[in-house]
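Architecture and fold: a report
One letter stands for each residue in the lines below.
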Amino acid sequence: MDLEDELGRILRDERLDIPVRTGAEWSVVAGARRRRQRNNMLAASGSALAALMLVGGGVVLVNHQPERPLPPAAPPVVNSTPIPTSTSADLPAVPPPHHPPVQPPQPPYRPRLPQTSEEPPEILSTQTTAPAPTTSKPTQTTQPNPTSSANNPTTQPPAQ
């Protein structure tokens, strides 16, 4: 027997055939459609979330301004001598608007570190100990023996 004949005979055998239920093709197509829809929904929601993050970050960056001190307000210029006009007597004098003084910005609050009441270690202390008292008695030195120098012929010149 030839290999092709044997293979054809096995494939034509109805005992190895798996029956396909009705509507199986439609079930596969519907499952593929559901998976495609789910993937599209995830991609769309991810894109919308990324766009929202980009827009929100842009808005925050545009609106963020570093704290700058405000320049002091310039007081209004008021003429001390009024200009005589015919209508100035008819109108009541209006005082200049009151501007409160501008306070400079306060520096940010920084808490102080707690003070420790511990004494410094002995090695770091600045106290010194008093030196031991000295005696006023001089140290004793040895005197040369006069008899030993008489016996030594090298210390005295020979008498002639």
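Analysis parameters
Per chain, residue numbering runs from 1 following the sequence as it is written. In view of the model being predicted, local features appear only for residues whose pLDDT reaches at least 70, and side-chain atom pairs are presented and counted only at 80 or more, with totals across whole chains, interfaces and linings using the full set of residues. Based on all heavy atoms of the structure, the side-chain values leave hydrogens and waters out of the count. UniProt positions are given in the numbering used here, feature names are shortened, and annotations may be inferred rather than shown by experiment. To qualify as a helix, a DSSP run of H or I must reach at least 4 residues; to qualify as a strand, a run of E must reach at least 2; elements of each kind are numbered from the N terminus. The patches described consist of residues with a relative accessible area above 30% and no salt bridge, like charges being joined within 9 Å and nonpolar side chains (Val, Leu, Ile, Met, Phe, Trp, Tyr) within 5 Å. Each accessible area is a Shrake-Rupley estimate made with a 1.4 Å probe; only the visible protein chains count as cover when residues are assessed. Only one rule defines a salt bridge in this text: a Lys or Arg side-chain nitrogen within 4 Å of an Asp or Glu carboxyl oxygen. Three exposure classes are used, based on accessible area relative to the maximum for each residue type with a 1.4 Å probe and protein chains only: buried under 20%, partly exposed in between, and exposed over 50%.

The UniProt entry lists residues 42–62 under the feature "transmembrane region" (unreviewed entry), expressed in the numbering used here. Across residues 42–62, the secondary structure splits into 100% helix and 0% strand, with the terminal C-alpha atoms separated by 30 Å.

Attention now moves to a nonpolar patch on the surface. Together, Leu49, Leu52 and Met53 give the surface a local cluster of nonpolar side chains, amounting to about 360 Å² of exposed area. Among the secondary structure elements, Met53 is positioned in helix α2 (residues 24–63). For Met53, a relative accessible area of 61% corresponds to the exposed category.

Per the stated rule, a full pass over the model turns up 2 salt bridges. Between Arg9 and Glu6 there is a salt bridge whose closest N-O contact spans 2.6 Å. Taken together, the residues Arg9 and Glu6, both in helix α1 (residues 3–12) and 3 residues apart, mark about one turn of the helix. Assessed through its relative accessible area of 44%, Arg9 is described here as partly exposed. Given a relative accessible area of 24%, Glu6 falls into the partly exposed group. Between Arg15 and Asp13 there is a salt bridge, and its shortest N-O distance comes to 3.0 Å. When its relative accessible area of 24% is taken as the criterion, Asp13 is described as partly exposed.

It is worth spelling out the environment of Pro71 at this point. Mapped onto the fold, Pro71 is located in the loop between α2 and α3 (146–151). On the basis of relative accessible area, Pro71 is assigned to the exposed category, the value being 63%. Sequence separation of Pro71 and Gln103 is 32 residues, and the distance between their C-alpha atoms is 9.9 Å.

A few words on the environment of Leu70. You can see Leu70 is positioned in the loop between α2 and α3. Classification of Leu70 as exposed rests on a relative accessible area of 70%. When the C-alpha positions of Leu70 and Gln103 are compared, they lie 9.1 Å apart, and in sequence the two are 33 residues distant.

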